[in-house]
Amino acid sequence: KPAERARYKKDSMPDNYEEILAAAIQLRREVPRRSVEQIILILEMEGLVAPGILKRPTLQRHMYQAGFGAEHMEVYKEARNSSSKRYCKPHRMMLVQADIKYGPSLPIGKDGKMVKTYLSSVIDDHSRMILSSEFYDNQEEGIVADTLHKAILKYGHFDKCYFDNGSQYVAKQLTTSLSRLSIRIAHAPIRSGKSKGKIEKFHQVVDDFLAEIKAKKVETLEELNYYWKIYLEEYYNNKAHDGIREYYLSIGVEIPKEGISPLQEFNRDTRPLTFLDAEVVGEAFLHHEIRRVDKGGCISFQGKLYEAKTSLIGQKVEISYDPASKDTVIIRHPNTEPFEAVPVCISGYCNSEKTPVPSMQTIEPETSRFLDALAKQHKVSSKKKADAISFGHYKKEVTN
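Report follows, based on the coordinates. (Residues numbered from 1 in each chain as written. Predicted model: local features only at pLDDT ≥ 70, side-chain atom pairs only at ≥ 80, totals over all residues. Heavy atoms only, no water.)

## Description of the environment of Ser167
And then number 1: With respect to the helices and strands, Ser167 occurs in the loop between strand 4 (160–163) and helix 6 (172–180).
And then number 2: Separated by 27 residues in sequence, Ser167 and Glu140 have C-alpha atoms that sit 8.6 Å apart. (Helix = DSSP H or I, 4+ residues; strand = E, 2+ residues; numbered from the N terminus.)

In C-alpha cells form, the structure reads like this:
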C-alpha cells in the first residue's frame, strides 16, 4: 500500500502564504482569463513572493479549493455576462417582449401544398398578458410590424420593447416605425434564450395548444387563428399565473389563494394607458421610399406604374405604402397636398377627360404677339430711315 502523501505542509510555505493566496485570488477575480503562471509572475514582479517559491500545481490546487479555479471563473463569467437574472417591471406597458415561434404546417399553398406557419406574439413584461398574437404563413419582418401595430392600436403606447437578434427584429423599417412613436428598442444577448424568459415560457403554453390543434385537424389559417384567439381569451389570459404569484411573494406582498391571472393583473394596474391616434400609428408603420415622376406623370414602384400628377413631372416625391396592401400608395411633395395613387390601367382608348393642370395647358391665342411686335418694330425702323438727312436738294441749290 503506498504511503499517504502530505500535500500541504505549512513548514515548506512562506509565513505569509495566506496573504499570497488572497492576492492571487484577487488577481484572478480582476481578470478571470489569467493563468496561474501569469499570476505567479505578477506576484514575483510586485515583490510579494521571492522567485521560485510558488509552484504552479500547489497554487492552482489551493485556488481551486477556495472556489477560484479556472472552471469556477468560467461559470462566474457566464453568469456575469448573462442577463438571465430574474426581473419584472413594476407596471404594465413599461416593457414588452416579442418573438416568433414555429407553428403547424397547413395545406394552404397552391394545389394544397403544405405551408409552414409562424406565430408572432407580443407579451407585457409585468402582467404576462398577451397584447397581440397571430399565426402567419411566413416569417418576414412584416409579420412583426403587423403584430406590434395591432398591439399599439388596442392597448396604446409602451415605453420599451425587448427583442432577440433575428433579422426580423433588427430591420431598419421596424426601428424607424417604433422610433416615430417614441418607443425604445433593446436586444437580448446573442444565443441567450433565458434573457427572454417570459416569452419563452409562454411558448410552452403554445406547445399545449398545438397539440390540441393536431387533434382538431385544422386545415386553414383562418381557422387556426380563430381557435388561437379563443384559447388566449378563455384560457391563458384568464388562468392564474405562477410568475405573478412568485413576483409578489418576492417583494413580500400577499395575493389571493386562487392567484392572479394576466388579465386581472393588467386591468388592476394603476398606471394609465396612453392611446395613440390611429392615423398616427398607421403612418408610423408605413414604408417610405423616394421616386421621380416621369414624363408621363407616373412613378414606377415594384414593377408597376402609379399615376401621379402632371404638375410633379421631373420632381422627386416620397411614397408611403402598406407592405400588406400595395395597390394604393400615398404620394407626398412639399408643393402639393398628399394624395393616393393607384396603378395605371391601360385601356383600349385614350382617356381625353384628364387634362394637364392649368399652369401647363396650352391657350388659344387671339393674335400673334410675335408678328405684332415685329410690325411695331418695323414702324420704328421705317421712321428712323425717313428722318435721315437728304443731300440731293442741297447739291441742287449750290449749282444754281
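Still to come is the rest of the account.
## A closer look at the pairing of strand 7 (residues 298–301)
And then number 1: Where strand 7 meets strand 8 (residues 304–307), four bridges bridge the pair, whose relative direction is antiparallel. By the bridge assignment, Cys298 is partnered in strand 8 with Glu307. (Pairing = 2+ DSSP bridges.)

## Considerations on the pattern of salt bridges
And then number 1: This structure, assessed with the given rule, holds eleven salt bridges.
And then number 2: The closest approach of N and O atoms between Glu37 and Arg56, which form a salt bridge, is 3.4 Å. With Glu37 in helix 2 (residues 36–45) and Arg56 in helix 3 (residues 56–65), the pair connects residues that are 19 residues apart, well separated along the chain.
And then number 3: Classification of Arg56 by relative accessible area gives partly exposed; the value is 36%. (Salt bridge = Lys/Arg side-chain N within 4 Å of Asp/Glu carboxyl O. Buried < 20%, exposed > 50% of the residue type's maximum accessible area, 1.4 Å probe, protein only.)

## Details of the packing of aromatic side chains
One pair of aromatic rings is described through two measures. These are the centre distance and the angle between the planes.
And then number 1: Evaluation of the coordinates by the stated rule reveals 15 aromatic pairs.
And then number 2: A ring pair is formed by Phe163 and Tyr169, whose centres lie 4.8 Å apart and whose planes are at 35 degrees; its orientation type is tilted. Comparing Phe163 with Tyr169 shows no difference in burial state: the two are buried.
And then number 3: With a centroid separation of 4.6 Å and 55 degrees between ring planes, the pair formed by Phe301 and Tyr321 is classed as tilted. Note that Phe301 is positioned in strand 7 and Tyr321 in strand 9 (residues 316–322), a separation of 20 residues in sequence.
And then number 4: A cation over a ring is seen here: Lys198 above Tyr87, with NZ or CZ 4.3 Å from the ring centre. (Phe/Tyr/Trp six-rings, centres within 6.5 Å; stacked < 30°, edge-to-face > 60°. Lys NZ or Arg CZ within 6 Å of the ring centre and 35° of its normal.)

## Here's the deal with the environment of Lys216
And then number 1: For Lys216, the location among the structural elements is in helix 7 (residues 197–216).
And then number 2: We classify Lys216 as partly exposed; its relative accessible area is 46%.
And then number 3: Separated by eleven residues in the primary sequence, Lys216 and Tyr227 have C-alpha atoms spaced 9.8 Å apart.

## Some points on the packing of helix 5 (residues 141–155) against helix 6
And then number 1: Two elements in contact, helix 5 and helix 6, have axes whose closest approach is 10 Å; the angle formed by their N-to-C orientations is 15 degrees. If you check the angle between helix 5 and helix 6, you find them roughly parallel. Judged by the twist between their axes, the crossing of helix 5 over helix 6 is right-handed. Contacts from Glu141, Val144, Ala145 and Leu148 of helix 5 reach helix 6 at Gln173, Leu174 and Leu178. (Axes fitted to C-alpha atoms, helices over the stretch in contact; angles between N-to-C directions. Parallel < 35°, antiparallel > 145°, perpendicular 65-115°, else oblique. Left-handed = near helix turned anticlockwise from the far one by under 90°. Contact = heavy atoms within 4.5 Å.)

## A word on unusual backbone geometry
And then number 1: Despite not being glycine, Asp111 has its phi angle at roughly 60 degrees, a positive value.
And then number 2: Mapped onto the elements, Asp111 comes out in the loop between strand 1 (96–106) and strand 2 (115–124).
And then number 3: Even without being glycine, Arg128 reaches a positive phi, approximately 65 degrees.
And then number 4: Within the secondary structure, Arg128 sits in the loop between strand 2 and strand 3 (130–136).

## Digging into helix 7
And then number 1: Between its terminal C-alpha atoms helix 7 stretches 29 Å, which fits the 28 Å expected from 20 residues at 1.5 Å a residue.
And then number 2: Where helix 7 is concerned, the buried positions are Lys198, Ile199, Phe202, His203, Val205, Val206, Phe209, Leu210 and Ile213. Axial view of helix 7: buried residues confined to an arc of 165 degrees, hence all on one face. The exposed residues of helix 7 that point more than 90 degrees off its buried face are Lys201, Lys214 and Ala215.
And then number 3: Buried residues belonging to helix 7 abut strand 1, strand 2, strand 3 and helix 8 (221–236). (Expected span 1.5 Å × (residues − 1). Arc of directions from axis to C-beta.)

## Remarks on the packing of helix 1 (residues 17–30) against helix 3
And then number 1: The N-to-C vectors of helix 1 and helix 3 enclose an angle of 75 degrees; their axes lie 11 Å apart at closest approach. In terms of axis orientation, helix 1 runs roughly perpendicular to helix 3. The residues of helix 3 that touch helix 1, namely those facing Tyr17, Leu21, Ala24, Ile25 and Arg28, are Thr58, Leu59, His62 and Met63.
And then number 2: Classifying every residue of the contact of helix 1 with helix 3 gives six nonpolar, two polar and one charged. (Nonpolar A, V, L, I, M, F, W, Y, C, P; charged D, E, K, R; others polar.)

## Things to note about the sheet that holds strand 3
And then number 1: Taken in spatial order, the five strands make up an open sheet running 3-2-1-4-5, and their pairing is mixed. Bordering the open sheet on either side are strand 3 and strand 5 (184–187), each of which pairs with just one other strand. With strand direction ignored, the average angle separating the axes of adjacent strands in the sheet is 25 degrees.
And then number 2: Relative to strand 3, strand 2 runs antiparallel, the two being bridged by six bridges. Bridging across to strand 3, Leu119 finds its partner in Phe135.
And then number 3: Together, strand 1, strand 2 and strand 3 form the strand contacts of helix 8, whose direction differs from that of strand 3 by roughly 155 degrees.

## Overview of the nonpolar core
And then number 1: Counting residues in hydrophobic clusters, the biggest one holds 28 residues, and the most contacted among them are Leu131, Leu148, Phe158, Phe163, Leu178 and Phe285.
And then number 2: When contributions to this core are tallied by element, the ones reaching two or more residues are strand 1, strand 2, strand 3, helix 5, strand 4, helix 6 and helix 11 (278–284).
And then number 3: For this core, the leading source of residues is helix 5, giving seven residues.
And then number 4: Contact partners of Phe285, with chain neighbours within four places excluded, come to Ala145, Leu148, His149, Ile152, Gln173, Ser177, Leu178 and Leu181.
And then number 5: Membership of the second largest hydrophobic core comes to 19 residues, among which are Leu119, Val206, Leu210 and Val218. (Core = buried A, V, L, I, M, F, W, Y, C linked by side-chain atoms within 4.5 Å.)

## Some words on a nonpolar patch on the surface
And then number 1: Taken together, the side chains of Phe370, Leu371 and Leu374 make up a nonpolar region of the molecular surface, amounting to roughly 330 Å² of accessible area.
And then number 2: As for its position among the elements, Phe370 is in helix 12 (residues 369–386).
And then number 3: On the accessibility criterion, Phe370 (59% relative accessible area) is exposed. (Patch = residues over 30% accessible without salt bridge, like charges linked within 9 Å, V, L, I, M, F, W, Y side chains within 5 Å. Areas by Shrake-Rupley, 256 points an atom, 1.4 Å probe, with all protein chains shown as cover.)

Remember that the coordinates give geometry; whether it matters functionally is a separate question.
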